[in-house]
Amino acid sequence: MKPTASKRAPHPDLIAGIAIMAVSGFLLLRTPDMPTMSSVLPITMLIGLIGLAALLILRVFVAHRSERMKAPRHRIFDSRPRFLGIIASIGLYVGSVSLIGFYTTTAVMVPIVAWCFGYRDIKRLLLADLIFTGGLAVIFVLLMGQDLPTEFFIR
Amino acid sequence: MYGSLIDALPAVLSLGNFAAVVIGVIAGICIGALPGLSATMAVSVLIPFTFGMDPLIALGMMAGIYNGAMYGGSIPAVLLRIPGTPAAVATSFDGYPMAQQGKGGYALQVSVVSSAIGGIASAIVLMLLAPPLAKVTLLFGPSEVFWVAVFGLSAIVFLLGGDVLKGLMSACFGVFVSLIGLDTISGFDRYTFGHLELLDGINIVVLLVGLYALPPAIALLEEVIDVDTSTAGKLNTVSIWKAIPSMLRFWKTWLRSAVIGVFVGILPGAGGSMGAFLSYNEARRASHNPDNWGKGEPEGVAASETSNNADTASALIPALTLGIPGTAVAAVMLGGLLIHGLQPGPMLFRDNPDIVFGFMWQFLFAAILLIILGGALATNSFAQVLRLPRPLLGAFIITLVLVGVYSINGRMFDVYLMLGFGLIGYFMDKLKFPLPPVVLGLILGSLAEQNLRLALRIGGGEWGVLTASTTSQVIIAMILLVVLMPLISRVLRRNKPQPSTS
């Protein structure tokens, strides 16, 4: 039988293990500059992470051949395009907040994101947007007196 | 010892504090009712907004949300067989068949009364046990505190169940994150990469919001779930006060499940779902008609709901006295205490008795309020929450999370950091790395390090000082027990003769 695409792809634990080892190894390189007592726990934790990541990787290979050892293959994305869309939306939102201000960005982005991800009732969407953004303004401006990134038109 | 408890009562009964509990309970029920949103997420989102509030108001809201969400999780479990929170899974076993038989309203009433009873029992145990335990912990020196921190971490890794290897990695990650920033003893900055914002270390709220609030919000937008809620709002319930007499026959189940829930809550890492399953099984075993269970037995709903609410306040017993949270929500609440400048531990009881005892009262009131707010009329209303569109909700939560984190220090750096933790949390969640050890690692890591170094300094660099006292030896024995117990039980299970299937 031909293996499926997901079976052919590397095991997620394998990728996680390699990534953890690489990052921990990089961070470990910074410990020689530290005073001895300051470096004890970071070194212990990073070596611990490298050792455990090695075990995680080893488990994937052993589970491949053994019936007793299990390394379940968990699904990472329910929908990869939607996930990438969400990340892009968050990035765009955060960038826009700095550029054009918090309330303007929120008022524009919330309905667009909700519409793009499947809620198509425009009237309710706009009403919810008005209540939500207005509610945030009441909380932050009136109740908390907190300054949020200023709107571009009043700078 | 209990005098401070009475002294704290008037402040809790003030209008502002009481209103905070009411708002918290209502918000908690609504959030718990939404599948995919948990009490942990709700409290994480709330914490940044409480920054400027009076600590007691903030804690009242958290107590309300925690209690409300634990009950709220039963609404979709009963009406749609979709547990709103992980702890409500056992509720769906009998709740959903009851709803199919046209008794959905009664199932929710049993659930709300049982939740309230569990919550009340838990709050009373918290009030009775926490003050004496805090007195005992006052006797702890640096080496004992170090071992308590190690115990907390090992307990959460080994009692959490699931993958121990991944649990250990999560704990190591949490401890490592706790080390970022200025080393308070040597003055050396560790892993700040030149960012002055990191000198004070990673703000626990930033980590909590990233790990617990962002991944469920992403999931709301990512997953396309079409839930049929057309019948969810039509419950045909009678007044809850008329329904209560018919529930009095569950008193044994309430009592048994409350004890199980409280005990499970105190154990670090165990938590609501384990308590609910244990109680359900025990109640079924004690039942005269076990064959009816799973087919719409209200006692099943009573068992699981009493238990999953009985672990709410009890999870705070080790959290408030030792700084070791019993559940993920308790860990998040510890974060809430920390941002208000309240360091969990015995000193909290000495320095801020009005707040810590007021918090206990708020747990009790939140549990009592469940009956009033979650009663017949409210149950019909809260069922409407299920109709909220998921994409809109996801967009709202992401906005709240971002603005909440920004508002703590008024800087975008925290937002970027939170987004980083959010991504890590998303992948950890998908790869089944448990999240509670990360939070506990962050809370206990620096505590363990500081006390280890302090103990070594006091002992003149002799490592033997760590094991010299009897208390330390007892805690070490407990650590060994917690670490070895799962291994021993696994070996015993493997050696147990399998029943013949032929």
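These numbers were taken from a predicted model, which means no experiment stands behind them. (Residues numbered from 1 in each chain as written. Chains lettered and ligands numbered in written order. Predicted model: local features only at pLDDT ≥ 70, side-chain atom pairs only at ≥ 80, totals over all residues.)

Concerning the domain arrangement of chain A
Going by this rule: Domain start and stop positions are those given by an automatic or database domain assignment.
One can read the domain layout of chain A as domain 1 (5-65) and domain 2 (80-154). In this structure, domain 1 of chain A and domain 2 of chain A have C-alpha centres spaced 38 Å apart.

With respect to the nonpolar core
As a reminder of what qualifies: In plain words, the nonpolar core is the set of buried Ala, Val, Leu, Ile, Met, Phe, Trp, Tyr and Cys residues that C-beta atoms within 7 Å link up. Here a residue counts as buried when 20 or more other C-beta atoms sit within 10 Å of its C-beta, as exposed when there are 12 or fewer, and as partly exposed otherwise, the C-beta atoms being derived from the backbone. The contact criterion used is a C-beta to C-beta distance within 7 Å, with each C-beta placed from the backbone.
B:Val43 and B:Val209 are the most contacted members of the largest nonpolar core, which has 210 residues in total. Structurally, this core is a two-domain feature, drawing no fewer than three residues from each of domain 1 (5-65) and domain 2 (80-154) of chain A. When neighbours within four sequence positions are excluded, B:Val43 is seen to be in contact with B:Met62, B:Ile65, B:Tyr66, B:Val329, B:Val332, B:Met333 and B:Gly336.

With respect to helix H17 (residues 328-339) of chain B
Residues and elements named next belong to chain B. Condition: Secondary structure elements follow DSSP: runs of H or I no shorter than four residues count as helices, runs of E no shorter than two count as strands, and numbering proceeds from the N terminus. Each residue after the first adds 1.5 Å to the expected span of a helix.
Its twelve residues give H17 an end-to-end C-alpha distance of 17 Å, which sits within 8% of 16 Å, the value for a rise of 1.5 Å per residue. Burial analysis of H17 places ten of its twelve residues in the buried class, the great majority of the element. Taken residue by residue, H17 has Ala-328, Val-329, Ala-330, Ala-331, Val-332, Met-333, Leu-334, Gly-335, Gly-336 and Leu-337 as its buried positions. In this structure, the buried residues of H17 make contact with helix H4 (39-49), helix H5 (55-72), helix H11 (204-222), helix H16 (316-322) and helix H23 (436-458).

Topic: unusual backbone geometry
All names here are of chain B. For Tyr-191, which is not glycine, the phi torsion reads 55° and is therefore positive. Residue position: Tyr-191 is located in the loop between strand S2 (189-190) and H11. In this structure, Phe-193 is a non-glycine residue whose phi angle is positive, near 50°. Secondary-structure assignment places Phe-193 in the loop between S2 and H11.

Concerning the interface of chain A and chain B
Between chain A and chain B, the residue contacts involve 44 residues of the former and 40 residues of the latter. A total of eleven residues in the side of chain A that touches chain B trace back to one element, the largest contributor, which is helix H3 (residues 36-65) of chain A.

Side note on the environment of B:Gly394
Topologically, B:Gly394 is positioned in helix H21 (residues 390-409). You can call B:Gly394 buried: it has 26 C-beta atoms within 10 Å.

Notes on the environment of A:Gly48
All names here are of chain A. Along the chain, Gly-48 turns up in helix H3. Judged by the 18 C-beta atoms lying within 10 Å of it, Gly-48 falls in the partly exposed class. A sequence separation of 14 residues divides Gly-48 from Met-34, and the C-alpha atoms of the two residues are 18 Å apart.

Thoughts on the packing of helix H3 (residues 15-33) of chain B against H5(B)
Residue and element names in this part refer to chain B. Stated formally: Simply put, an axis is a line fit to the C-alpha atoms, just over the touching stretch for a helix, and the angle between two N-to-C directions goes from 0 to 180 degrees. We call two directions roughly parallel when the angle between them is under 35 degrees, roughly antiparallel when it is over 145, roughly perpendicular when it lies between 65 and 115, and oblique otherwise. Crossings are classed by handedness, with left-handed meaning an anticlockwise turn of the near helix from the far one by less than a right angle and right-handed meaning a clockwise turn. Residues are grouped as follows: nonpolar covers Ala, Val, Leu, Ile, Met, Phe, Trp, Tyr, Cys and Pro; charged covers Asp, Glu, Lys and Arg; every other residue, Gly included, is treated as polar.
Where H3 contacts H5, the axes come no closer than 6 Å and their chain directions differ by 30°. Of the possible angle classes, the one that applies to H3 and H5 is roughly parallel. Crossing geometry of H3 relative to H5 is assigned as right-handed. Counted by class, the contact of H3 with H5 contains 21 nonpolar, ten polar and no charged residues.

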